[in-house]
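# Structural characterization, general
Chain by chain, the residues:
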Amino acid sequence: MLGLLRLVVILLVAQTIVYVGLSLYSRSVRRQKLIDRWSEMEFPVDKETFVQRGLTRYDNSLRRKLILGVYILPWIAISVLIYVVNFK
């Protein structure tokens, strides 16, 4: 039981570190793409407003929610592995 608790805690800490890193990286990539797009197209709004609106849309996008798979996929893999090892 103690081994399972240790596995859960270590996995959650590792998943949180990976999630934060991926989230920050993805947001910075999106920000840079918005800045590049603004400089190429010369939109009628200022750069900060354009980038802020783009990041607001990004925060509500599916891509942002897919990063939460960092929490779900390892647990599915562990469950399938336990099932295959014990019941097949």
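Refer to the preceding data block for the structure.
Residues numbered from 1 in each chain as written. Predicted model: local features only at pLDDT ≥ 70, side-chain atom pairs only at ≥ 80, totals over all residues. Heavy atoms only, no water.

## A look at the side chain of S26
The condition is simple: Helix and strand definitions here come from DSSP, where helices need a minimum of 4 consecutive H or I residues and strands a minimum of 2 consecutive E residues; each element is numbered from the N-terminal end. Only protein chains enter the accessibility calculation, which uses a 1.4 Å probe; a residue whose area is less than 20% of its type maximum is buried, one above 50% is exposed, and one in between is partly exposed. When checking whether two residues touch, look at their non-hydrogen atoms; a contact exists if any pair is within 4.5 Å.
Among the secondary structure elements, S26 is positioned in helix α1 (residues 2–41). On the accessibility criterion, S26 (15% relative accessible area) is buried. Setting aside residues up to four positions removed in sequence, S26 forms contacts with Y58, R63 and I67.

## As for the packing of α1 against helix α2 (residues 47–59)
For the record, the criterion: The axes used here are C-alpha line fits, helices contributing only the stretch in contact, and every angle between their N-to-C directions lies in the interval 0 to 180 degrees. Orientation is classified from the angle alone, with under 35 degrees giving roughly parallel, over 145 giving roughly antiparallel, 65 to 115 giving roughly perpendicular, and any other angle giving oblique. Crossings are sorted by hand: turned counterclockwise from the far helix by less than a right angle, the near helix makes the crossing left-handed, and turned clockwise it makes it right-handed. In the scheme used here, Gly and all other residues not listed as nonpolar or charged are polar, with Ala, Val, Leu, Ile, Met, Phe, Trp, Tyr, Cys and Pro taken as nonpolar and Asp, Glu, Lys and Arg as charged.
At a minimum axis separation of 9 Å, α1 and α2 run at an interaxial angle of 140 degrees. The angle between α1 and α2 falls in the class oblique. Remark: the crossing between α1 and α2 carries right-handed chirality. Between α1, through S26, R27, R30, R31, L34, I35, R37 and W38, and α2, the contact on the second element is made entirely by K47, E48, F50, V51, G54, L55, Y58 and D59. Residue composition of the contact of α1 with α2, by class: 7 nonpolar, 2 polar and 7 charged.

## Let's talk about the pattern of salt bridges
Which entries qualify depends on this criterion: Each salt bridge in this description consists of a side-chain nitrogen of Lys or Arg and a carboxyl oxygen of Asp or Glu lying within 4 Å of one another.
Within the structure shown, the criterion is met by 2 salt bridges. Between R27 and D59 there is a salt bridge, with the nearest N and O atoms lying 2.6 Å from each other. With a gap of 32 residues between them, R27 in helix α1 and D59 in helix α2 connect regions that are remote in the sequence. On the basis of relative accessibility, which here comes to 27%, the residue R27 falls in the partly exposed class. Among the salt bridges present, the one from E48 reaches R31, with a minimum N-O distance of 3.7 Å. Linking E48 in helix α2 with R31 in helix α1, this pair joins segments that are 17 residues apart in sequence.

Coordinates in, geometry out; function isn't part of it.
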